[in-house]
Amino acid sequence: MDSEDDMHDANDVESLDDFYSGETALASDEDDGDYEFIDNDSDDSEDRTSHRQQNYIILSEEDICVRQEEDITGISTVLFISRVAASILLRHYNWDVSKVHDAWFVDEEGVRKTVGLLEKPVVEFNLSPKEPTCGICFETYPCERMNAAACGHHFCCACWTGYISTSINDGPGCLMLRCPDPSCGAAVGQDMINMLASEDDRDKYSRYLLRSYVEDNKKTKWCPAPGCEYAVDFVVGSASYDVSCNCSYNFCWNCTEEAHRPVDCETVAKWILKNSAESENMNWILANSKPCPKCKRPIEKNQGCMHITCTPPCKFEFCWLCLGSWSDHGERTGGFYACNRYETAKQEGVYDETEKRREMAKNSLERYTHYYERWATNQSSRAKALSDLQQMQAVQLEKLSDKQCQPGSQLKFITEAWLQIVECRRVLKWTYAYGYYLPEQEHAKRQFFEYLQGEAESGLERLHQCAEKELHVYLEAVGPSKDFNEFRTKLAGLTSVTRNYFENLVRALENGLSDVDTHGACSRTSSSKNLGGGGGSKSRGGRGKITSQRPFPSQTKGLDDTNHWSCQHCTFANLNSATTCHMCHNRR
């Protein structure tokens, strides 16, 4: 007879299949002793990864320098101008090669005048024996100690150095430096910077020039992670804005906040503002305090009687209920724990508006707290999972490889599981912001959203528990475990179906749960297809191959379950006694 633990393990395999209701299909295979994954699943995973990577390229500083030099060389070659002039042109047009070509060939003279690229000097330098005078300090210097831009306005080297140093220390504006003469607009190029500036100033200028290639270019941005030196070249117009930098930070290209699918950038901005704004503090004050009748400072009452004394210097004594002076209260008004005046006035409707505002503020605060606490909990859980992943990669994988006699390449499924946990925690976190801004009047969508969210939480917790607690058994084992391959199959299977579920959940939420209309009915044409209504054959054979087919975990066991029946339109599991679906109100 099987032990209780053996029965539990067998139920785990079936409950995995039951939970995702068609996400996995078990097929009997008498020749195989263990579960095997069909290669198509891994191929699909690679295709998805490749597809995600096609819409952006991660650039290191070396990559940026190479691209910058290529653009400068290209402009210099095509327009027959110096590299310094090409650099000035590109900076003016935000490193857009096409714009440079268009403007130059339409009106070369106008572009030269605007940018400050002069073809000949404005002032001819006097080569007379008399020493020239600097136009800034008005001192005379030998010719070799004087310098000028293309315009011909000569200034002494000391004044040039001071002028350049001041401009560089003022910030990136030094990249568009012009001649010190107030009436002149000639550009000062990098050749003069390198010749006249100090080494520190030259390094700063080069740094500004490198950063301008990213910051002035609409197609590139720096990774917003603290201390990250990578930039991202993005294909504008791509469907997804999610970017995964080489530093492991995931962010949204559009708003540069952390990656936040399925929530749009506008909702994220509102949510972040709400979390940091004073509005919630005011809601708390309004819901949990009353103003002193004399000085109007808010007072919180957390215990004790109705006799309140305001803090110094006010010291006004009043009744908490009616806010009247305590000198008018006593045994005749109800004593210290009641107020007859308040009860009478309340019945007359005197406090209706005030109480209504306080109740509304309290309800609003409670609702916000509900969503924020769960948002923050998933955020901390994600941070913990990320820490566990790093610990796993640094220490535990090597330990597991030794104990289970498995090469490192055969343990990638563990890393993939933890990466999926981290990603799912992020998605689940933002579903709470999505739920907070989901309109209250759309009851059907809200119910369906909460159902899908609950299923997501359950599936993720199952994966997390398997990757954390069940893996611990094999880490603490003395030697190789016979059932390690079964654990591999289980964890990899959970990872696969959880990934599929969350990917489709994100798409459904981004589409606004379009399968559910505002009147509480689900779309007959697409809900079964998009929300898990497709069929999937199952066999109760204990061994077989696992494939992922279904997008959502839906309770599609139909009438096989003696207590429930599954709606064919929205997949909701209803009690057998119900004749219409509780979710979409379609008849059985």
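Each chain has its residues counted from 1, running along the sequence as written. Totals for whole chains, interfaces and linings use all residues, but because this is a predicted model, local features are given only for residues with pLDDT of at least 70 and pairs of side-chain atoms are given and counted only at 80 or more. Values reported for side chains reflect all heavy atoms of the structure, with hydrogen atoms and water molecules removed beforehand.

## Description of the nonpolar core
Thinking step 1. Judged by nonpolar contacts, the single largest core of 51 residues is most densely connected at Ile414, Trp418, Leu491 and Phe502.
Thinking step 2. Runs of E in the DSSP output that reach at least two residues are strands. Runs of H or I that reach at least four are helices, and both are numbered from the N terminus. Contributing elements (two or more residues each) for this core: α10 (265–276), α13 (352–404), α14 (412–436), α15 (443–475) and α16 (484–510).
Thinking step 3. In terms of residue count, the dominant contributor to this core is α14 (14 residues).
Thinking step 4. Sequence-distant contacts of leucine 491, defined by excluding residues within four places in its chain, comprise Phe413, Ile414, Ala417, Leu463, Cys466 and Ala467. Among the buried residues, those of types Ala, Val, Leu, Ile, Met, Phe, Trp, Tyr and Cys that are joined through side-chain atoms within 4.5 Å form a nonpolar core. The classification of residues rests on relative accessible area computed with a 1.4 Å probe and restricted to protein chains. Under 20% of the type maximum is buried, over 50% is exposed, and intermediate values are partly exposed. Only heavy atoms matter for contacts: two residues are in contact if any of them lie within 4.5 Å across the pair.

## Overview of a nonpolar patch on the surface
Thinking step 1. Patches were defined on residues exceeding 30% relative accessible area and lacking a salt bridge, with like-charge contacts within 9 Å and nonpolar side-chain contacts (Val, Leu, Ile, Met, Phe, Trp, Tyr) within 5 Å. Residue exposure ignores everything except the shown protein chains as possible cover, and the areas themselves are Shrake-Rupley values with a 1.4 Å probe. Any Lys or Arg side-chain nitrogen located within 4 Å of an Asp or Glu carboxyl oxygen qualifies as a salt bridge. A grouping of Leu118, Val122 and Val123 is seen on the molecular surface, where their side chains present a nonpolar patch of about 220 Å² in accessible area.
Thinking step 2. Tracing the backbone shows leucine 118 in the loop between α6 (108–115) and β3 (146–148).
Thinking step 3. A residue is classified by how much of its surface remains accessible, and leucine 118, at 30% relative accessible area, is partly exposed.

## Thoughts on the sheet that holds strand β2 (residues 56–59)
Thinking step 1. Two strands form a pair only when DSSP identifies at least two bridges running between them. Pairing within the open sheet is antiparallel, and its 3 strands lie in the order β2-β6-β5. Both outer strands of the open sheet, β2 and β5 (220–222), are each paired with one neighbouring strand and no more. On average, each strand axis in the sheet is tilted by 25 degrees relative to the strand beside it, whichever way the strands run.
Thinking step 2. Pairing between β2 and strand β6 (residues 231–234): 4 bridges, direction antiparallel. Looking across to β6, one finds that isoleucine 58 is bridged to valine 232.
Thinking step 3. A fitted line through C-alpha atoms represents every axis, and for helices the fit uses only the stretch in contact; the resulting angles, taken between N-to-C directions, go from 0 to 180 degrees. Helix α3 (residues 61–79) contacts β2, β5 and β6 of the sheet and is inclined by roughly 105 degrees relative to β2.
Thinking step 4. Of the strands in this sheet, β5 and β6 touch helix α9 (residues 199–215), which is tilted by about 120 degrees from β5.

## Focus: the pattern of salt bridges
Thinking step 1. Across all of its chains, the model carries 15 salt bridges by this definition.
Thinking step 2. Here arginine 367 and glutamate 440 are joined by a salt bridge, their closest N and O atoms 2.7 Å apart. Placement of the pair is arginine 367 in helix α13 and glutamate 440 in the loop between α14 and α15, with a sequence separation of 73 residues.
Thinking step 3. Of the residues examined, arginine 367 reaches a relative accessible area of 24% and is grouped as partly exposed.
Thinking step 4. By relative accessible area, glutamate 440 is classed as partly exposed at 41%.
Thinking step 5. For the salt bridge of arginine 446 with glutamate 450, the shortest nitrogen-to-oxygen distance reads 3.9 Å. Of the two residues, arginine 446 and glutamate 450 both sit in helix α15, 4 residues apart, roughly one turn of that helix.
Thinking step 6. Exposure remark for arginine 446: the relative accessible area of 9% places this residue in the buried category.
Thinking step 7. In this structure glutamate 450 comes out as partly exposed when scored by relative accessible area, which is 41%.

## A short note on unusual backbone geometry
Thinking step 1. Here arginine 261 and proline 262 are connected by a cis peptide whose omega angle stands at 15 degrees.
Thinking step 2. Along the chain, proline 262 turns up in the loop between β8 (250–252) and α10.
Thinking step 3. The phi dihedral of serine 248 falls on the positive side, at around 80 degrees, and the residue is not glycine.
Thinking step 4. For leucine 513, which is not glycine, the phi dihedral falls at a positive 50 degrees.

## Section: the confidence of the model for the protein
Any region with low pLDDT has predicted coordinates that should not be read closely.
Thinking step 1. Note: pLDDT gives the predictor's confidence per residue, expressed from 0 to 100. With 72% of its residues at a pLDDT of 70 or more, the protein shows a mean pLDDT of 76.
Thinking step 2. Confidence over residues 1–53 falls short of pLDDT 50; this stretch has 95 contacts with residues more than four positions distant or in other chains.
Thinking step 3. Note on residues 518–561: pLDDT under 50 across the span, and 139 contacts to partners over four residues away in sequence or across chains.

## Regarding α16
Thinking step 1. Each residue after the first adds 1.5 Å to the expected span of a helix. A rise of 1.5 Å per residue sets the reference length of α16, with its 27 residues, at 39 Å; its end C-alpha atoms lie 39 Å apart and thus fit the reference within 8%.
Thinking step 2. With 22 of its 27 residues buried, α16 lies for the most part within the structure.
Thinking step 3. Backbone geometry just downstream of α16 places glycine 512 in the positive-phi region, at approximately 75 degrees.

## Structural notes on α9
Helical geometry: 3.6 residues make up each α-helical turn, so side chains three or four residues apart lie on a common side.
Thinking step 1. End to end, α9 covers 24 Å across 17 residues, agreeing with the expected 24 Å (1.5 Å per residue, within 8%).
Thinking step 2. Looking at the buried positions of α9, the neighbouring elements they touch are α3, α4 (83–92), α7 (157–169), α8 (190–196), β5 and β6.

## Section: the packing of aromatic side chains
Thinking step 1. Pairing of aromatic rings covers Phe, Tyr and the six-membered ring of Trp, with a centre-to-centre limit of 6.5 Å; geometry is then stacked below 30 degrees between planes, edge-to-face above 60, and tilted otherwise. Within the structure shown, the criterion is met by 26 aromatic pairs.
Thinking step 2. With centroids separated by 5.2 Å and ring planes inclined at 70 degrees, the aromatic side chains of tryptophan 95 and tyrosine 213 adopt a geometry described as edge-to-face. Separated by 118 residues along the polypeptide, tryptophan 95 in the loop between α4 and α5 (97–106) and tyrosine 213 in helix α9 bring together distant segments of the chain. The burial state of tryptophan 95 is the same as that of tyrosine 213; both residues are buried.
Thinking step 3. Ring geometry for tryptophan 271 and tryptophan 375: centres 5.9 Å apart, planes at 65 degrees, overall edge-to-face.

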